[in-house]
Amino acid sequence: MKRELRVRRIKNGTVIDHIAAGHALNVLRILGIADGSTEVVSVVMNVSDQKKDIVKIEDWELAPDEVDKIALISPDAIINIIRDYEVVEKRKVVLPSQIVGVVRCMNPNCITNTDEPVKPRFVIRRGEGVELHCVYCGRVITDQIAEFLI
Amino acid sequence: MLNRTAGLRDVMPHVISIRDFSRDEIDRILDRAAELEPIAHGGSSDLLAGRILATLFHEPSTRTRLSFDAAMKRLGGSVIDFGSIEGSAVSKGENLADTIAVVSGYADAIVLRHPKEGAARMASEFSRVPIINAGDGAGQHPTQTLLDLYTIRKESTLDRVKIAIVGDLKYGRTVHSLVYALSLYNAEIHLVSPDQLKVPESLTNDLSESGTRITETTDLDEVIDYVDVMYLTRIQKERFPDPNEYRTVAGSYRITEETLKRVKDDLIIMHPLPRVDEIDYGVDSSRHAVYFKQSFYGVPVRMAILSMVMGDGTAATGGW
């Protein structure tokens, strides 16, 4: 039986598959795709049989350092680079060792939550889950990282 | 120690957090402090002659500020500061990054106390001279930790010491750094506090995973006749969002002459000061009381740090 596509195939660009269900919009935030962006983006949320979200971005091949930040909220996401309707590259996101300017520190008294010219920076460690250690104040974010996305 | 930041600052020895130091590096600082201690007892030196230290205190300080001042002057250097916050560019809205960029052009090292956690780490990224953290909010206060270690080493035994840390273990910034540093010396650590002032679970978990022997109790009597060191802390009113909570716990674990009848002969009692009512004045004259010596040891320890970041080059390359 031929599978019915919910969103049409894209000719060129990036398809991010296996995003944890409900996190597609957070993925867009991490990628900086927001009001004013010009990219053509399709979002499918809560795909019923696999409990996942999918994001398709046309005419933009995301580089590894751009997409690996997605691993913060969705470590099983798969990146597909599409050229002329064919998948030319497929790989899992890899958790980076450090992130800058993506997540704000949960400590309201941290220097990064002031008007100082400093971006929040975290060292990432893997414990039972993902742990973000603030380089400045040392506070650790373990749960609900999405809540602290900038 | 060394928080080395990128580029030109690769070899700059900042003092930001005790967690940046290895045991060997700490030992080198304590050794240097022991060498310099005779000068701290009323001597003088020209080790840092011609050098300038800037002290930027965005929060009140007595001991830390004065002992840095004394340490620098004992070594022949001079000290500049911006006086009160009200009279400085800070009151005109200048941010910390700009203040540091400016002052690092005037001095050979900067001592910084700031109410925001992580302020010293950030300052190190904007400074052309070493930053010494003199307390950042509820965060780090590494020179206090170093003088605490020096006191234990001089007045008791640092390696495998049995220590009770008593009082406000949640908000007291000296405690977290000290507990971490003691873990490097295989200490047996007994944390004594009311339930609402226990150390954060993340710290005890970290230490337990590293194999540190650590217990927690609300009852000082459980360990009072067993430990070598009793480290008392002030229950700080300003750290409590709820004044009722403060009143409930204030005055817990008060040490009196009566208490001392149950302790080991060679127990030492330490306190970062100022005290409120944790230690009765009658205890001051006992052989156990070392808290005023501890306060004095801030001078040789800070002399060691200043000389190592500015004077003798021992911190400039290859670690402390």
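Just so it is clear, the structure is predicted and the values come from calculations on it, not from any experiment.

The rules we used
- Residues numbered from 1 in each chain as written.
- Chains lettered and ligands numbered in written order.
- Predicted model: local features only at pLDDT ≥ 70, side-chain atom pairs only at ≥ 80, totals over all residues.
- Heavy atoms only, no water.
- Helix = DSSP H or I, 4+ residues; strand = E, 2+ residues; numbered from the N terminus.
- Buried < 20%, exposed > 50% of the residue type's maximum accessible area, 1.4 Å probe, protein only.
- Contact = heavy atoms within 4.5 Å.
- Lys, Arg positive; Asp, Glu negative; His and termini not counted.
- Charge placed at Lys NZ, Arg CZ, Asp CG, Glu CD.
- Salt bridge = Lys/Arg side-chain N within 4 Å of Asp/Glu carboxyl O.
- Polar contact = N/O pair within 3.5 Å; in protein donor to acceptor, adjacent residues only side chain to side chain.
- Nonpolar A, V, L, I, M, F, W, Y, C, P; charged D, E, K, R; others polar.
- Core = buried A, V, L, I, M, F, W, Y, C linked by side-chain atoms within 4.5 Å.
- Domains from an automatic or database assignment.
- Pairing = 2+ DSSP bridges.

On to the overall build of chain B. Check the secondary structure of chain B and you find nine helices and nine strands. With respect to the three principal axes, the spread of C-alpha positions in chain B is 55 × 40 × 40 Å. By the burial criterion, 56% of the 320 residues in chain B qualify as buried. The contacts of chain B with a sequence gap of at least 6 include a subset with a gap of at least 24, amounting to 72%. Computed over 36 positive and 46 negative side-chain charges, the separation of the two mean positions in chain B equals 3 Å.

The next subject is the interface of chain A and chain B. Listed by partner, the interface residues are 14 residues for chain A and 14 residues for chain B. The tally of links from chain A across to chain B stands at one salt bridge. We note a salt bridge from Glu125 of chain B to Arg121 of chain A, for which the minimum N-O separation is 3.4 Å. Put simply, chain A and chain B have ten residue pairs in polar contact (both at pLDDT 80 or more) between them. Taken together, the residues of the side of chain A that touches chain B break down into eight nonpolar, three polar and three charged.

So, about the nonpolar core. In terms of nonpolar packing, the biggest core is built from 60 residues, with Leu149, Ile165, Leu182 and Leu306 of chain B touching the most fellow members. Looking at this core, the element that brings in the most residues is helix α9 (residues 291-311) of chain B, giving ten residues. A domain split of this core shows at least three residues from each of domain 1 (3-138 + 298-317) and domain 2 (142-295) of chain B. Every residue in contact with Ile165 of chain B, bar those within four places of it in the chain, is listed here: Val175, Leu178, Val179, Leu182, Ile189, His190, Leu191, Val192 and Tyr231 of chain B. Grouped together as the second largest cluster of nonpolar side chains are 57 residues, Ile19, Ala71 and Tyr136 of chain A together with Leu56 of chain B included.

Our focus in this paragraph is the domain arrangement of chain B. Residues and elements named next belong to chain B. Domain parsing of chain B yields domain 1 (3-138 + 298-317) and domain 2 (142-295). Relative placement of domain 1 and domain 2: their C-alpha centres are 26 Å apart. Taken together, the 32 residues of domain 1 in the interface contact 27 residues of domain 2. Linking domain 1 with domain 2 are three salt bridges, by the criterion used here. Across the pair Lys154 and Glu37 runs a salt bridge, and its minimum N-O distance is 3.1 Å. For the pair domain 1 and domain 2, the number of links is ten residue pairs in polar contact (both at pLDDT 80 or more). Mapped onto the side of domain 1 that touches domain 2, the elements with two or more residues apiece are α1 (23-40), α2 (63-74), β4 (131-136) and α9.

Before going further, it helps to examine the pairing of strand β7 (residues 121-126) of chain A. Residue and element names in this part refer to chain A. Across three bridges, the pairing between strand β6 (residues 98-100) and β7 is antiparallel. The residue bridging Gln98 from the neighbouring strand is Val123, located in β7. Taking the residues between adjacent antiparallel strands as the criterion, β7 and strand β8 (residues 130-134) are bridged by three residues.

Turning our attention to the pattern of salt bridges. Under the counting rule described, the total for this entry stands at 22 salt bridges over all chains. The closest approach of N and O atoms between Asp17 of chain A and Lys52 of chain A, which form a salt bridge, is 2.8 Å. Taken together, the positions of Asp17 of chain A in strand β1 (residues 13-20) and Lys52 of chain A in strand β3 (residues 52-58) put the pair 35 residues apart, joining distant regions of the chain. Given the relative accessible area of 7%, Lys52 of chain A is considered buried. Arg91 of chain A is the partner of Asp68 of chain A in a salt bridge, and the nearest nitrogen-oxygen pair spans 3.3 Å. In this pair, Asp68 of chain A is assigned in the loop between α2 (64-67) and β4 (78-83) and Arg91 of chain A in strand β5 (residues 86-92), connecting sequence segments 23 residues apart. With relative accessibility at 22%, the residue Arg91 of chain A sits in the partly exposed group. What you see here is one network of salt bridges that share partners, running through Arg23, Asp27 and Asp159 of chain B.

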